[in-house]
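Examination of the molecular architecture
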Amino acid sequence: MPETCLYHGEVVHRRLNPVRHELRYRVFNIFVDVDQLDVTDRSLRLFSYNRFNLFSVMDRNHGPGDGTPVREHVWSLVRKSEAGAEVSRIFMFCYPSVLGYVFNPLTVYYGYDAGDRLRVMIYEVNNTFGGRHSYVIPVGESLTQTAAKHFFVSPFNAVEGHYDFRFTAPGAKMALGVALSAQGQPVLNAYVSGTRRPLDDKTLLRAFLAVPFLTLKVIGAIHLQAVQLLWKGLRLKPRPPGPNHTVDVLPKVRSEP
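Residues numbered from 1 in each chain as written. Predicted model: local features only at pLDDT ≥ 70, side-chain atom pairs only at ≥ 80, totals over all residues. Heavy atoms only, no water.

**Overview of unusual backbone geometry**
Put simply, the rule is: For the purposes of this entry, the term helix denotes a DSSP run of H or I that reaches at least four residues, the term strand denotes a run of E that reaches at least two, and both are numbered from the N terminus.
Following N17, the chain continues into P18 via a peptide bond in cis, with omega recorded as 0°. Mapped onto the elements, P18 comes out in the loop between β1 (5–15) and β2 (21–33). Phi at L99 is positive, roughly 50°, even though this residue is not glycine. Note on placement: L99 falls in the loop between β6 (97–98) and β7 (106–112).

**What about the sheet that holds strand β5 (residues 89–94)?**
To keep things clear, this is the line we draw: Only when DSSP finds a minimum of two bridges between them are two strands counted as paired. Helix axes are fitted only over the stretch in contact, all axes being lines through C-alpha atoms; the angle between N-to-C directions runs from 0 to 180 degrees. Working rule for contacts: check all heavy atoms of both residues, and any pair within 4.5 Å makes them a contact.
On the basis of which strands lie adjacent, the open sheet formed by eleven strands has the order β10-β11-β12-β13-β1-β2-β5-β7-β8-β9-β14 and mixed pairing. Strands at the two margins of the open sheet, each flanked by one partner only, are β10 (144–148) and β14 (245–249). Strand-to-strand, the axes of this sheet are offset by a mean angle of 20°, without reference to chain direction. Relative to β7, β5 is paired through five bridges, and the arrangement is antiparallel. The residue bridging F91 from the neighbouring strand is Y110, located in β7. Helix α2 (residues 70–80) contacts β5, β7, β8 (118–126), β9 (132–138) and β14 of the sheet and is inclined by roughly 115° relative to β5. Contacts between helix α3 (residues 201–210) and the sheet are confined to β1, β2 and β13 (185–198), with β1 contributing the most and set at about 30° to the helix.

**Points about the layout of surface pockets**
For clarity, the cut-off: Points on a 1 Å grid, built from protein atoms alone, make a cavity when a 1.4 Å probe fits but cannot get out and make a pocket when they are open with protein on both sides within 12 Å along at least 5 of 7 lines; residues with an atom within 4 Å of a point are the lining residues. Grid points are joined across faces, edges and corners, and a volume is the space filled by probe spheres set on the points. When residues are grouped by polarity, Ala, Val, Leu, Ile, Met, Phe, Trp, Tyr, Cys and Pro land in nonpolar, Asp, Glu, Lys and Arg in charged, and all others, Gly among them, in polar.
Each pocket or cavity is described by its volume, and for the largest pocket that value is around 920 Å³. Lining the largest pocket are 37 residues, and of these H13, P105, V153, A190 and I222 lie nearest its centre. Here the lining of the largest pocket takes five residues from helix α4 (residues 214–231), the largest share from any one element. Tallied by class, residues from the lining of the largest pocket come to 26 nonpolar, nine polar and two charged.

**Concerning the environment of N126**
To be explicit about the condition: As used in this structure description, the phrase polar contact means that two N or O atoms lie within 3.5 Å; if the pair is within protein, one of them must be able to donate a hydrogen and the other to accept it, and residues adjacent in sequence are counted only when both atoms belong to side chains.
As for its placement among the helices and strands, N126 is situated in strand β8. As for N126 and V253, which are separated by 127 residues in sequence, their C-alpha atoms are 25 Å apart. Engagement of the side chain of N126 in a polar contact is seen with the backbone oxygen of N104, the distance being 2.8 Å. Within the structure, N126 has its side chain in polar contact with the side chain of R132 (distance 2.6 Å).

**As for the packing of aromatic side chains**
Filter applied, for reference: Pairs were defined over the aromatic rings of Phe, Tyr and Trp, the Trp ring being its six-membered one, requiring ring centres within 6.5 Å. Orientation was assigned from the angle between planes: stacked under 30 degrees, edge-to-face over 60, tilted for the rest. Each residue's exposure class comes from its accessible area (1.4 Å probe, protein chains only) as a fraction of the maximum for that residue type: buried when under 20%, exposed when over 50%, partly exposed otherwise.
Enumeration according to the criterion identifies 13 aromatic pairs in this entry. Ring centres 5.9 Å apart and planes at 75° place the aromatic pair Y7 and F31 in the edge-to-face group. In this pair, Y7 sits in strand β1 while F31 sits in strand β2, placing the two residues 24 residues apart along the sequence. F31 matches Y7 in its accessibility class, with the two residues each being buried. Judged by centre distance (6.3 Å) and plane angle (50°), the ring pair of Y135 and F165 falls under tilted. A residue pair is termed long-range when its members are at least 10 positions apart, and Y135 in strand β9 and F165 in strand β11 (residues 162–167) qualify at 30 residues.

**A word on the side chain of S48**
Within the element layout of this structure, S48 appears in strand β3 (residues 47–49). On the basis of relative accessibility, which here comes to 1%, the residue S48 falls in the buried class. For S48, the side chain forms a polar contact with the side chain of R51, separated by 3.3 Å. What S48 contacts, discounting residues up to four positions off in sequence, is D41, N53, F55, S56 and V57.

**A word on the pattern of salt bridges**
Defined as follows: Between Lys or Arg on one side and Asp or Glu on the other, a salt bridge is scored when a side-chain nitrogen of the former is within 4 Å of a carboxyl oxygen of the latter.
Tallied over the full model, the rule gives nine salt bridges. A salt bridge links E10 to R24; its shortest N-O distance comes to 3.0 Å. Here the residue E10 occupies a position in strand β1, and R24 occupies one in strand β2, the gap between them amounting to 14 residues. Here E10 falls in the partly exposed class, since its relative accessible area comes to 26%. Looking at R24, the relative accessible area reads 43%, which means it is partly exposed. Its salt-bridge partner being E22, residue R24 comes within 3.1 Å of it at the nearest N-O pair.

**Topic: α3**
The test is simple: Working note: the arc is built from the helix axis to C-beta atom directions.
Buried within α3 we find T203, L204, A207 and F208. For α3, the arc enclosing every buried residue in end-on projection is 135°, short of the 170-degree limit, so these residues lie on one face. Of the exposed residues in α3, the ones pointing more than 90 degrees away from its buried face are K202, R206 and L209. On the buried face of α3, the contacting elements are β1, β2, β3, β4 (55–57), β6 and β13.

Below is the structure:
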């Protein structure tokens, strides 16, 4: 059964082509029911919703970025999905803001039905240029999903190829992997894993002491990696013009007869 909690684990980011490079660091993520963000706020001293605190979730950092409530935005996307009518609860998996600052390369929304089965996944991808793109994908028989890449993320990769998303239903442990391939070659893969901890003030304080200034660490690692890739000979790709927030709603994958 899904429950609001904190996942403490690590991120691994491997670039495979045209050069090899690996980045690995400890992280923690919150996993929270989007309809219970206000309740979670009232139950904790160190976490707030749309207010400054040691940890917080701000509507402006998700969805269209205009302050639309997270739950309103995410439910609107779920309803556009073929499997949306089956969803009764949605959980968001993300880095919380730390002392008002956050950068989430990827926020994932898990849509469950009344029997706690996953029905819809939403992958909200952010780039460091202020853009955001969401892939809304129904969950089929396999816990692997595919989507064509339609969004400029890394300045070292053109907008081409496709993603393979691999995941497990979050429980005592969670795992999520994203692999990018282009022109028939693997380009990179990223993986986050974690172990469940209760979302309470004691756990939040311990997480802060274990990984202080988490979100600054994330954005710092991204820029450090960029410098290292430039040193290894990669060149920047031009960023195409486009709107700041876009969405792909994908159909359910049909099994072969």
